[in-house]
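Report on the structure
Single-letter residue listing:
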Amino acid sequence: MTAEEKQDNEIMFTRNVLCGMIRQAVIDAKNDREYLSQNNINGRESHQRSAMQFLNSEFYRHLCEALGRASGIGLPHDRIRLEAMK
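Residues numbered from 1 in each chain as written. Predicted model: local features only at pLDDT ≥ 70, side-chain atom pairs only at ≥ 80, totals over all residues. Heavy atoms only, no water.

1. A look at helix α4 (residues 77-85)
Condition: Burial classes: relative accessible area under 20% of the type maximum marks a residue as buried, over 50% as exposed, and values in between as partly exposed (1.4 Å probe, protein chains only). Put simply, DSSP H or I for four residues or longer makes a helix, DSSP E for two residues or longer makes a strand, and each gets a number counted from the N terminus. Directions pointing from the helix axis toward each C-beta atom define the arc. Whether two residues touch is decided by their heavy atoms; if any such pair falls within 4.5 Å, the residues are in contact.
Residues H77, I80 and A84 constitute the buried set of α4. Mapping the buried residues of α4 onto a view down its axis gives an arc of 65°, with all of them on the same face. In α4, the exposed positions angled more than 90 degrees off the buried face are occupied by R79, L82 and M85. Residues of α4 that are buried in the fold lie against α1 (3-30), α2 (38-55) and α3 (58-71).

Have a look at this one:
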């Protein structure tokens, strides 16, 4: 593997991890399952709160902008956040 191929793989890996973080935040924010256990209810609320803090953060907005520039495809941070809030 050439140095350029290695760098491309590392960039792709990082991009996939960051996109996975965004996907998981949306899933956590939209989680509306009903649980019988109080621990699961508290965990769900904690995950939803954390996800919304992430999706409302300046870091998230900059992350979407950077990923969009890198891929050449706009990553609409506002539409993703609105979808998570539904």
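Moving on from the coordinates now.
2. A look at the packing of aromatic side chains
What counts here: Whether two aromatic rings pair depends on their centres lying within 6.5 Å, for rings of Phe, Tyr and Trp, where Trp uses its six-membered ring; planes under 30 degrees apart make the pair stacked, over 60 edge-to-face, and the rest tilted.
A complete count under the given rule lists 2 aromatic pairs for this structure. Seen in terms of ring centroids, F54 and F59 are 6.3 Å apart; in terms of plane orientation they differ by 55°. Their pairing is tilted. With relative accessibility at 17%, the residue F54 sits in the buried group. A relative accessible area of 48% means that F59 is categorised as partly exposed. Among the aromatic residues, those joined into a ring-pair cluster are F54, F59 and Y60.

3. Describing the packing of α1 against α4
The line we're drawing: For every element, the axis is a line fit to its C-alpha atoms; helices are fit only across the contacting stretch, and the angle between N-to-C directions ranges from 0 to 180 degrees. Any angle from 65 to 115 degrees is called roughly perpendicular, while one under 35 is roughly parallel, one over 145 is roughly antiparallel, and all others are oblique. Ten residues, namely Ala, Val, Leu, Ile, Met, Phe, Trp, Tyr, Cys and Pro, are considered nonpolar, four, namely Asp, Glu, Lys and Arg, are considered charged, and the remaining ones, Gly among them, are considered polar.
The interhelical angle for the contact between α1 and α4, taken along N-to-C directions, is 30°, at an axis separation of 7 Å. The angle between α1 and α4 places the two elements in the roughly parallel class. In this structure, α1 uses I22, V26, A29 and K30 to contact α4, whose residues at the interface are I80, E83 and A84. For the contact of α1 with α4, the per-class residue count stands at 5 nonpolar, no polar and 2 charged.

4. What to know about the pattern of salt bridges
Pairing is possible between side chains that carry opposite charge, provided their charged atoms lie close to one another. To be explicit about the condition: Only one rule defines a salt bridge in this text: a Lys or Arg side-chain nitrogen within 4 Å of an Asp or Glu carboxyl oxygen.
Under the counting rule described, the total for this entry stands at 3 salt bridges. Put simply, E83 and K30 hold a salt bridge, and the shortest N to O gap is 2.7 Å. In this pair, E83 is assigned in helix α4 and K30 in helix α1, connecting sequence segments 53 residues apart. We note a salt bridge from R61 to E58, for which the minimum N-O separation is 2.2 Å. A residue pair is termed a helical-turn pair when its members lie 3 or 4 positions apart in one helix, as R61 and E58 do in helix α3 at 3 residues. For E58, a relative accessible area of 46% puts it in the partly exposed group.

5. Describing the confidence of the model for the protein
This is how the line gets drawn: Each residue carries a pLDDT score, the predictor's own confidence in it, on a scale running from 0 to 100.
Averaged over all residues, the pLDDT of the protein is 84; the fraction at 70 or higher stands at 95%. Ranking the elements of the protein by mean pLDDT puts α2 last, at 84, and α1 first, at 87.

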